[in-house]
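So you can see what is in the structure, the chains are spelled out below.
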Amino acid sequence: MSDSVLRVAAETVDITPPVGYLLGGYSGRDDPSNDMHDPLLARVLLLDNGEVRAAIVTMDILGISWEHTQAMRAAISQAADVSADNVLVNWSHTHAGPDTRKYDPYLAHVVEKVAGVALVAKQHLAPAEVFYDEDTIEFNVNRRLMTAEGKVIMAPNPEGIVDRRVRVLRFDTEDGLPTVVLFHAVCHANALRSENLAISADFPGYAQELVSLAFGPECTPMFMQGCTGNIRANLGGGDGFRSGDEEDLRWCGYSLGGAAIRAACRVGTKEGRAKGAVVGTKLAVAETVLEFQAPDGTPFAYPIQALRLGEVLFIALPGEPVVDYALWLEERLRGSWQQVIVAGYSNNGRAGYLATAQHYAEGGYEATMPASRLNAAAQEQILAAAEAVAEQVRTA
């Protein structure tokens, strides 16, 4: 029923842990958190076209395991009458949130909270139109730098591949007012480095707060993290990167939020609506779960998911894929779609880094154990699997 009415609803819930939790993202940070700088939030977007119901979850969190994703999907399924397989879970990968490997009771509480607001969202599904536009940021940079000696180090590489687009979907009520602004960008959420001991959503939190201020409390801002394994904020210092401060968080967060606002406002004009209207309301979700084995022999799941919203395709990859994969998939798939948006940091946060075959040959942090549990042979296998699930939703 591609010409059916799309109904949407979104809700937000606070998932901030108690101060005193250990923070994740950096090895060697052994002291517990000692302050709460800004809250961590989770958001649920329900999509329903009368035939299919799907959900997108975004969270200000480092990441969760495949097992916790399955638990969250099951809870949302029961609460919101959505197939568990039709739930896409994405996280910002803030390095100022709890070390989620250590706090199963906390994650169980997060699952309960997210399911609770999914239940609330189900009660508020309402007709909506969807519009797409994009803008740009300037603060992100490639972090794989080849030295004169042929060694890859983690440092700003202004000549390296990067994606500076901010890709925005604006969901409007029947009154023409934005009810959801979902924005996708590519930058590691680690402006705050290991010296920081305060809980924070990092710059994506600032961005979402700014979007909320621009459009009001009736509009839910949702940040979707892209394939940012080799991209981070351009805060150079010494031989690598320095830790950001309050001004850096404002620069990155308000730049991102401002770009999302510009795109969302532009597509709200008559001209923007005519150009950016998302074609159709068809919903379809497909997923394949690859099985890999880490160098130490440990098996792990690699779920690859496709979600179709009209003629917009989302591909969700687990772990920490480098930006190259998103650009490759866009190039391979764009002929069949109005837009192709590739998210990383989805569904299984324990999958590790996904580097390119070239990166595995070169070495560097993203391509070596323990950061990466894959090897060069995974490149084409994962790209082929992503194309296959994209084709499943295209022909659904």
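Up top is the structure these notes are about.
Residues numbered from 1 in each chain as written. Predicted model: local features only at pLDDT ≥ 70, side-chain atom pairs only at ≥ 80, totals over all residues. Heavy atoms only, no water.

Caption draft 1: Up close: the packing of aromatic side chains. In this structure the tally under the stated criterion is 10 aromatic pairs. When the ring of Phe139 is compared with that of Phe203, the centres are 5.3 Å apart and the planes differ by 75 degrees; the resulting orientation is edge-to-face. Remark: Phe203 occurs in helix H3 (residues 202–215) and Phe139 occurs in the loop between strand S7 (129–136) and strand S8 (140–146); sequence separation between them is 64 residues. The same class applies to Phe139 and to Phe203, which are both buried. Here the aromatic rings of Tyr325 and Trp328 are separated by 5.2 Å at their centres, their planes lie at 70 degrees, and the arrangement is edge-to-face. Of this pair, Tyr325 and Trp328 both sit in helix H6 (residues 323–333), 3 residues apart, which is roughly one turn of that helix. The class of Tyr325 is buried, set by a relative accessible area of 0%. (Phe/Tyr/Trp six-rings, centres within 6.5 Å; stacked < 30°, edge-to-face > 60°. Helix = DSSP H or I, 4+ residues; strand = E, 2+ residues; numbered from the N terminus. Buried < 20%, exposed > 50% of the residue type's maximum accessible area, 1.4 Å probe, protein only.)

Caption draft 2: A look at the nonpolar core. Judged by nonpolar contacts, the single largest core of 35 residues is most densely connected at Tyr302, Ile304, Leu313, Ile315, Leu317, Leu374 and Ile382. With 8 residues, helix H8 (residues 378–394) is the largest single contributor of residues to this core. Ignoring anything within four residues of it in the chain, the contact list for Leu313 reads Ala306, Leu307, Leu333, Trp337, Gln339, Val340, Ile341, Ala390 and Val393. (Core = buried A, V, L, I, M, F, W, Y, C linked by side-chain atoms within 4.5 Å. Contact = heavy atoms within 4.5 Å.)

Caption draft 3: Region of interest: helix H1 (residues 66–80). Under the 1.5 Å per step criterion, the end-to-end length of H1 is 21 Å for 15 residues, consistent within 8% with the ideal 21 Å. For H1, the elements touching its buried residues are strand S3 (41–48), strand S4 (53–59), strand S5 (87–91), helix H2 (104–123), strand S17 (283–293) and strand S18 (299–309). Asp81, located one to two residues past H1, shows a positive phi value of around 55 degrees. (Expected span 1.5 Å × (residues − 1).)

Caption draft 4: The layout of surface pockets, seen in detail. When its volume is computed, the largest pocket comes out at roughly 910 Å³. Residue lining of the largest pocket: 34 residues in total, with Gly25, Tyr26, Arg101, Glu320 and Tyr365 positioned closest to the centre. Here the lining of the largest pocket is built from residues that sort into 11 nonpolar, 13 polar and 10 charged. What the second largest pocket holds in volume is close to 320 Å³. Contributing elements (two or more residues each) for the lining of the second largest pocket: strand S1 (7–14), strand S6 (126–127) and strand S11 (178–185). In terms of residues, the lining of the second largest pocket owes the most to one element, S1, which gives 4 residues. A class-by-class count of the residues in the lining of the second largest pocket yields 10 nonpolar, 4 polar and 2 charged. (1 Å grid on protein atoms, 1.4 Å probe; cavity = no way out; pocket = protein on both sides within 12 Å on 5 of 7 lines; lining within 4 Å. Points joined across faces, edges and corners; volume = space filled by probe spheres on them. Nonpolar A, V, L, I, M, F, W, Y, C, P; charged D, E, K, R; others polar.)

Caption draft 5: Fine view of the pattern of salt bridges. Taken as a whole and judged by the stated rule, the model has 26 salt bridges. Notably, a salt bridge pairs Arg266 with Asp133, separated by 2.9 Å at the nearest N-O pair. Highlighted residues: Arg266 in helix H4 (residues 246–266) and Asp133 in strand S7, separated in sequence by 133 residues. Arg250 is the partner of Glu246 in a salt bridge, and the nearest nitrogen-oxygen pair spans 3.9 Å. Within this pair, Glu246 and its partner Arg250 are both found in helix H4, separated by 4 residues, close to a single helical turn. Here the salt bridges do not stand alone but share partners, grouping Asp133, Asp135, Arg262 and Arg266 into one network. (Salt bridge = Lys/Arg side-chain N within 4 Å of Asp/Glu carboxyl O.)

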